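Okay, here's what each chain looks like letter by letter:
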Amino acid sequence: MLLQPAPVSFEHLPDGLGLGTPRPRLSWQLPAGTAAQAGYEIELDRGGRLHRTGRTDGAGQVLVPWPGAPLVSRERVAVRVRVWSDTGEPSPWSEPGVVEAGLLDAADWVAVPVGGTWPEDPDSDRRPSRVRKDFTLTAPVEHARLYVTAHGLYEAEINGRRVGDDALSPGWTVYGERLRYRTYDVTSHLAEGANAIGAWLGDGWYRGRFGFDGGTRNIYGEDLSLIAQLEVTHTDGTTTVIATDSTWSAAVGPILTSGLYEGETFDARLDDAGWSAPWCTDAEQWTAVSVGARDPRTLVAPQGPAVRCTQEVAPVTVTRTADGRHLLDFGQNLVGRLRLTVDGPAGTVVTLRHAEVLQDGELATAPLREAHARDTYVLAGDGPRTWEPRFTLHGFRYAEITGWPGDLADGAVTARVHHTDMRRTGWFECSDPLVNRLHENVVWSMRGNFVDIPTDCPQRDERLGWTGDIQVFAPTASYLYDCSGMLDSWLTDVGIEQLPDGTVPWYVPVIPGNDVWTPIRPGAAWGDVAALTPWVLYRRFGDLGLLRRHYPTGRAWVDLVERLAGPTRLWDTGFQLGDWLDPIAPPDDPAAGRTDRHLVATAHFARSARHLALTAGELGEDDDARHYGALADEVTAAFRERYVLPSGRMTSDSPTAYCLAIAFDLLDGPAARMRAGDRLAALVLRDGARIATGFVGTPLICDALAETGHLDVAYRLLTQTECPSWLYTVTQGATTVWERWDSLRPDGSLNPGGMTSFNHYALGAVADWLHRSVGGIAPAAPGYRTITYRPRPGGGITWANTRHETPYGTAALSWELTPDGMTTRITVPSGCLGTVDLPGLDPITVGPGEHVLDTAGSQVASTPGSLARALTATAAHRRS
């Protein structure tokens, strides 16, 4: 097969437009089944000036350092690569990948924030606005870029045409320190002569009502402003810059109210479709703008993809009620909004309400708390119009429509699914349809809660970036989607929000909370995101730079806990959430589980210290590696002395206690681990193989059982259908993962607790075990450079297929039980090695390509040359 690399990609972004770094790292993949790379050469085409590096020996092909002079703002460079195998001849050059820098210097910005000048009550629902400007281009357009952000949310238009397809931009960051701008290629939007640019603006996270107990307004400011800089390069080489300044105009529009929780009200009678076209006809409605200030040093380019509509879902049933309402069931709990196509008399009011579940045939809105989730559309009466809210999202499976004129025709209402537009990278399926549905529920919960930041729930008056939730879910998330850029960005805000003493907040970005969360206190499992999640991302994506960037945050966290624990090395004081949402915890006290909260805290202290030592070792911080390694040993010894009894029992005789001790390697040798595993299995069976763990124990329990010789018990737990269990929710019709094991109780009633979300990914962290142990694929080296293929069948499952798009290409494993044993088909990406560990066989090493293994006869069939390439690949790994 021809050894020609795929086009180069840049950092963790889907394309190279508007990058915020002068030295973007480069990645490329080789065709499946090809020989190992022994060297490479990179070519930079900088406007016709070619720079070639010459051959560089090595197997590196992921996040390779930028090989030339740094990019300058707006610079566009075409990048190609060619590679060598051990045959000695170079491959053909790849097709070019193109990178274009954004505005890298604060001095590049001339735009300032502009918004309306009319008086507003900052403590009320304010009316969203629009801003616009007419301008003339005196020469033909060669190319044009729009750099844009907002205090609030924006949606830009040029000459009556939408710019981009992203939603809720610029997303949510710690706005005072970091406000993202996006870069759009708007060349095709412009023409010589008269032009116009404008933008819709919405409150969003910046000044909208957000948070607990009625929420807080104006968290980041009271203004609603656009910051936009349109740069046009003409065919004659001249440039025109149109930037937000005092010459722009502002006006209210047809959006009467808008809020992320509340929903949106739109009066189509007030809509002027030509408002963003040149010389709009209602110019008398537009007034001068207020001009604000923004430190351009805080404007940053994105590190990950934007939020977008990624799917459309039609209702599976539409029920007309006796009083004329329409109840729609979309068959899937999702996050997004409805798009309508409707016609009727002017002034007709169509109201949309949303909910995740029904109770007694009506929308169950109690779990939404103070999130109204109501959209309203007032018809213009001038014929059919299509409308969708702009600046809100809802979590729902069901929608109720009131006021619809006439019958609801097929296709008139569609649910549009929105989330951060990450590339899907992981799939799993097996012979058990209930387990398949569980896995699909995990995928949908990740989609619904990865909305610019990793949130806890998408429907109620919360939707915050809880640190503990993503800490336990990151291994699953990083298999299912390429979330590296998104989480890298969010971890940057974790570092910004970290308190001077090292405390990591419960959720990031930080907003006012009730007296449980404010003032901020350090809490185990939640704060440990600082030390544990960067390591997970490094192992999954191979990004040493990410690990280095977030190392100071993790170090400050562990140093804080070391001070809190003192010389005893036991973190046994202070407020803790423990094993949050243990099934025995009462609805009004989810932290009241059966496991000692300080046992949980000390176990996580040991875990984070150990991983910080590993991180320091990878970064070449040898003194730190020794210090934190010794600290981890001391905490482990203190944990054993305090929490492990001479009999081998834990002081908290609970499943989570044993899970932590086993999974975090806190016990004294293999015999102690086996005793703990035996006790864990006994506890699980005593509970009828029903779940008895919360946020902390649930992600660990199947591994803890399997690693101590109780794989059968792990499968019993997995396949249990009685409450509480993973599959109980599936048998109750769940299409996403629930926050509580019994969000919907066996008698059909809703859990009465104030936290009863039906879309909450944390308890879906078991999918990581499905991928690694049932499916059988796990990274054995950073970025999956070496891959472990180790399926462990059980639970009556007779086959499984697993596939993951690693940074190097596709890794796949499918297995099927046969009368004589098991047949396994394995795919190893080019540039990688695989260690195959099947039940009953000694592990073997295989190289890139396709392999078929039969445990009955230990037969190995491989694509031509792939086993021989394993030896070559091993040598290449050693060289790199």
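Here the structure is a predicted model, which means the values were calculated and not measured.

(A) Expanded view of the overall build of the chain. On a plain count of helices and strands, the chain comes out with 15 helices and 47 strands. Computed over its C-alpha atoms, the radius of gyration of the chain comes to 28 Å, within 12% of the 29 Å expected for a compact globule of 880 residues. Along the first, second and third principal axes, the C-alpha atoms of the chain reach 85 × 70 × 60 Å. Per-residue burial for the chain yields a buried fraction of 61% across its 880 residues. Working note: accessible area of the chain is about 30700 Å², and carbon and sulfur atoms make up 50% of it. When the 78 basic and 108 acidic side-chain charges of the chain are each reduced to a single mean position, those positions are 3 Å apart.

(B) A look at the nonpolar core. Counting 199 residues, the largest nonpolar core has Phe 330, Val 413, Phe 450 and Trp 726 as the members making the most contacts within it. It is helix H7 (residues 597–619) that contributes the most residues to this core, 11 residues altogether. Ignoring anything within four residues of it in the chain, the contact list for Val 413 reads Pro 315, Leu 328, Phe 330, Leu 338, Arg 339, Leu 340, Ile 401, Trp 404 and Leu 408. Listed in part, the 27 residues of the second largest apolar core include Val 186, Leu 190, Ile 197 and Ala 199.

(C) How the structure looks around the sheet that holds strand S13 (residues 161–162). Strands sit in the order S13-S12-S17-S10-S20-S23 across an open sheet of six strands; the sheet is antiparallel. Single-partner strands in this sheet number two, and they are S13 and strand S23 (287–288). Pairing between strand S20 (residues 249–252) and S23: two bridges, direction antiparallel. Following the sheet pairing, Ser 249 is matched in S23 by Ala 288.

(D) Highlighting the packing of aromatic side chains. Applying the stated criterion to the full structure yields 35 aromatic pairs. Arranged with centres 5.9 Å apart and planes meeting at 20 degrees, the rings of Phe 266 and Tyr 377 form a pair that is stacked. Pair noted here: Phe 266 is in strand S22 (residues 263–267) and Tyr 377 is in strand S32 (residues 374–378), with a separation of 111 residues, a long-range link. Tyr 377 sits in the buried class, given a relative accessible area of 2%. Relative to Tyr 761, the ring of Phe 473 has its centre 4.4 Å away and its plane inclined at 25 degrees; by these criteria the two rings are stacked. One end of the pair, Phe 473, is in helix H3 (residues 467–480); the other, Tyr 761, is in the loop between helix H13 (726–731) and helix H14 (767–775), with 288 residues separating them in the sequence. According to the relative accessible area criterion, Tyr 761 is buried, its value standing at 1%. Across from the ring centre of Trp 444, 4.2 Å away, lies the NZ or CZ of Arg 447, which sits over that ring. It is Arg 803 that lies over the ring of Trp 427; its NZ or CZ is 4.0 Å from the centre.

(E) Geometry of the layout of surface pockets. Here the largest pocket is characterised by a volume of approximately 1100 Å³. Around the largest pocket, the lining comprises 33 residues; the ones closest to its centre are Arg 607, His 611, Ala 663, Asp 768 and Arg 772. Within the residue set of the lining of the largest pocket, elements represented by two or more residues are H3, helix H5 (529–541), H7, helix H8 (622–643), helix H9 (655–663), helix H11 (698–707), H14 and strand S39 (777–779). Here the lining of the largest pocket is built from residues that sort into 17 nonpolar, five polar and 11 charged.

(F) H11, seen in detail. The element H11 is extensively covered by neighbouring structure, given that eight of its 10 residues are classed as buried. Those residues of H11 that sit buried are Thr 698, Pro 699, Leu 700, Ile 701, Cys 702, Asp 703, Ala 704 and Leu 705. Buried residues along H11 sit against H3, H9, helix H10 (670–686), helix H12 (711–719), H13 and H14. Just downstream of H11, Gly 709 is the residue with a positive phi angle, here 85 degrees.

(G) Just the confidence of the model for the chain, in detail. Model confidence for the chain is summarised by a mean pLDDT of 95, while 97% of its residues fall at 70 or above. Residue range residues 864–880 is modelled with pLDDT below 50. Its contacts to residues more than four positions away, or to other chains, number 37 contacts.

(H) Quick look at the pattern of salt bridges. The full count for this structure, using the stated rule, is 64 salt bridges. Arg 308 is the salt-bridge partner of Asp 421, the closest N and O atoms lying 3.5 Å from each other. Note that Asp 421 is positioned in the loop between strand S35 (413–420) and strand S36 (426–430) and Arg 308 in strand S26 (residues 307–313), a separation of 113 residues in sequence. What emerges from the salt-bridge pattern is a single network uniting Arg 369, Asp 456, Arg 460, Asp 461, Glu 462 and Glu 739.

(I) Region of interest: the packing of H3 against H5. Direction vectors running N to C along H3 and H5 enclose 5 degrees, while the axes themselves pass 9 Å from each other. By the criterion of interaxial angle, the relationship of H3 to H5 is roughly parallel. Mapping the contact onto sequence places Thr 467, Ile 470, Gln 471, Ala 474, Pro 475, Ser 478 and Tyr 479 in H3 and Val 529, Leu 532, Thr 533, Val 536, Leu 537, Arg 540 and Phe 541 in H5.

(J) Geometry of empty space enclosed by the protein. Counted by the stated rule, this structure contains seven cavities of 30 Å³ or more. By volume, the largest cavity amounts to about 150 Å³. Among the residues making up the lining of the largest cavity, the classes are represented as 11 nonpolar, two polar and one charged. By volume, the second largest cavity is sized at about 70 Å³.

(K) Quick look at the pairing of strand S18 (residues 225–234). Within S18, 10 of the 10 residues are buried, which leaves the element mostly enclosed by the surrounding structure. Here S18 shows a buried face lined by Ser 225, Ile 227, Gln 229, Glu 231 and Thr 233 and a second buried face lined by Leu 226, Ala 228, Leu 230, Val 232 and His 234. As paired strands, strand S11 (residues 141–151) and S18 are joined by 10 bridges and run antiparallel to one another. Bridge pairing in S18 places Ala 144 opposite Val 232. Note: S18 against strand S19 (residues 239–243), five bridges, orientation antiparallel. Bridge pairing links Leu 230 to Ile 242 in S19. Hairpin connection of S18 to S19: four residues between the antiparallel strands, including Gly 237 at a positive phi of 90 degrees.

Cut-off values and rules
Residues numbered from 1 in each chain as written. Predicted model: local features only at pLDDT ≥ 70, side-chain atom pairs only at ≥ 80, totals over all residues. Heavy atoms only, no water. Helix = DSSP H or I, 4+ residues; strand = E, 2+ residues; numbered from the N terminus. Rg over C-alpha atoms; globule rule 2.2 N^0.38 Å. Buried < 20%, exposed > 50% of the residue type's maximum accessible area, 1.4 Å probe, protein only. Areas by Shrake-Rupley, 256 points an atom, 1.4 Å probe, with all protein chains shown as cover. Lys, Arg positive; Asp, Glu negative; His and termini not counted. Charge placed at Lys NZ, Arg CZ, Asp CG, Glu CD. Core = buried A, V, L, I, M, F, W, Y, C linked by side-chain atoms within 4.5 Å. Contact = heavy atoms within 4.5 Å. Pairing = 2+ DSSP bridges. Phe/Tyr/Trp six-rings, centres within 6.5 Å; stacked < 30°, edge-to-face > 60°. Lys NZ or Arg CZ within 6 Å of the ring centre and 35° of its normal. 1 Å grid on protein atoms, 1.4 Å probe; cavity = no way out; pocket = protein on both sides within 12 Å on 5 of 7 lines; lining within 4 Å. Points joined across faces, edges and corners; volume = space filled by probe spheres on them. Nonpolar A, V, L, I, M, F, W, Y, C, P; charged D, E, K, R; others polar. pLDDT = per-residue confidence, 0-100. Salt bridge = Lys/Arg side-chain N within 4 Å of Asp/Glu carboxyl O. Axes fitted to C-alpha atoms, helices over the stretch in contact; angles between N-to-C directions. Parallel < 35°, antiparallel > 145°, perpendicular 65-115°, else oblique.

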